[in-house]
Amino acid sequence: MTNKLQNVGKYIAPAVFLCVLGGLMWYQSHQHHGYYNSGYRSVMGTFAQVTVAAASEEQAHSFITAAFAEMDKVNRIMNDWDPNSEISQLTQTAYPEPKVVSPELFEVIAASVEYSKLSEGAFDITVGPETQLWRQMQKTGQKPSPEALTTARAKVGYEKVTLNPAEKTVQFAVEGMKLDVGAIAKGYAVDIAMEAMRTQGAVAGMVDLGGNVRCFGPGPAGGNWYIGLRDPRHTEKTLIKLRLNEMAVATSGDYERYAVVDGQPQSHILNPKTSESVKELASVTIIAPTAMQADALSTAVSVLGKEKGLALIEKIPGVEAIVMTSAQPDQRIETPGAKQFIEMD
Ligand code: AMP
Ligand code: MG
């Protein structure tokens, strides 16, 4: 018995020593870390900002450069305003034969189809032909003709896309189909930008791309990250503050981009089945483990509306929603689990 205890004692002392040493080394390597900020840069038609903990300005610079390189890459592949981007070329090349696409584009399209299934078509990146008409409407202030809308809708529907994961091919069932990943690509870009910083050794940071935010590691304010949500009707005001750690958040709102027809604002988020701009919700915020999830689901809930949208979010573990209706934009409705992230009212 005594012998055994003595034996154990032999191991305890070095173990304690190693723990203390390990702790000291961790402290040493972290105490020199400061938080660096890129400032706002224009990316993907919006503004992006990267914050990262680093041991030196040089290291911060290399982390930030890696993050922006990923966002620029996503923009080159998925910008549907650019007729030469990979996604724009698909309209000509993914019908009638399948077309091989980049791994990045395949990942976003495959994830999008899953969100379409989950939301029963409320979220649908094949909405492209309808968003083209919406963009014309934004320019002219005139609603598209019913014929133009019917023609566009015939080319919409996620079930008209066939994916082959082994070959990474995409195939359209109908000529003239057009993908618009505007509701998910920013979230995806935030996720891979964060991943790029982690791969380079970053231990803490935050990426914000047009309100699609994800943070990792301890934040600068007492180990926390705080993200302010804007008031949908007074966008200069912060309505609530969220405290997020190892989480992502995205907001879809009717105030960000809209067309005006007969003095009435028309949201850029469309119900793919009717081509109508959504009206019921003024703002939808989703808190989720990844930025891509938060981005896609915030758009999905905008289309589904309060009842169906919140019911969908309640079914997904680890995902929360905060919505404001157009009728009562000063009232917040949230899933029960969202409260734990709300810092201030
Ligand atoms: P977000 O700001 O993330 O809600 O994305 C809105 C953008 O997604 C719009 O500007 C359109 O380009 C596109 N979009 C509009 N309606 C839908 C929809 N129902 N499903 C998927 N994407 C959509
Ligand atoms: Mg979105």
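Please refer to the structure placed before this passage.
Figured I'd write up the structure that's included with this text.

**Here we look at the pairing of strand β15 (residues 320-325)**
Argument step 1. Buried residues dominate β15, accounting for six of its six residues.
Argument step 2. Taking every second residue as pointing to the same face, both faces of β15 are buried, with E320, I322 and M324 on one and A321, V323 and T325 on the other.
Argument step 3. Across three bridges, the pairing between β15 and strand β16 (residues 332-334) is antiparallel. Its bridge partner lying in β16, V323 is registered against I333.
Argument step 4. Taking the residues that link successive antiparallel strands as the turn, the β15-β16 hairpin has six residues.

**Thoughts on the pattern of salt bridges**
Argument step 1. Under the definition given, this model contains ten salt bridges.
Argument step 2. Salt-bridge contacts for R135 lead to D80; the nearest nitrogen and oxygen are separated by 2.9 Å. Of the two residues, R135 sits in helix α5 (residues 128-140) while D80 sits in the loop between α2 (57-78) and α3 (86-93), which places them 55 residues apart along the sequence. There is no split in this pair, since R135 and D80 are both buried.
Argument step 3. Notably, a salt bridge pairs K339 with E334, separated by 3.5 Å at the nearest N-O pair.
Argument step 4. When its relative accessible area of 17% is taken as the criterion, E334 is described as buried.
Argument step 5. Linked through salt bridges whose partners overlap, the residues forming this network are E70, K73 and E104.

**Some points on the layout of surface pockets**
Argument step 1. Its boundaries defined by the atoms lining it, the second largest pocket holds a volume of some 210 Å³.
Argument step 2. Looking at the lining of the second largest pocket residue by residue, the classes come out as five nonpolar, four polar and three charged.

Cut-offs and rules
- Residues numbered from 1 in each chain as written.
- Chains lettered and ligands numbered in written order.
- Predicted model: local features only at pLDDT ≥ 70, side-chain atom pairs only at ≥ 80, totals over all residues.
- Heavy atoms only, no water.
- Buried < 20%, exposed > 50% of the residue type's maximum accessible area, 1.4 Å probe, protein only.
- Helix = DSSP H or I, 4+ residues; strand = E, 2+ residues; numbered from the N terminus.
- Pairing = 2+ DSSP bridges.
- Salt bridge = Lys/Arg side-chain N within 4 Å of Asp/Glu carboxyl O.
- 1 Å grid on protein atoms, 1.4 Å probe; cavity = no way out; pocket = protein on both sides within 12 Å on 5 of 7 lines; lining within 4 Å.
- Points joined across faces, edges and corners; volume = space filled by probe spheres on them.
- Nonpolar A, V, L, I, M, F, W, Y, C, P; charged D, E, K, R; others polar.

Remember, this is a structural readout, not a statement about activity or role.
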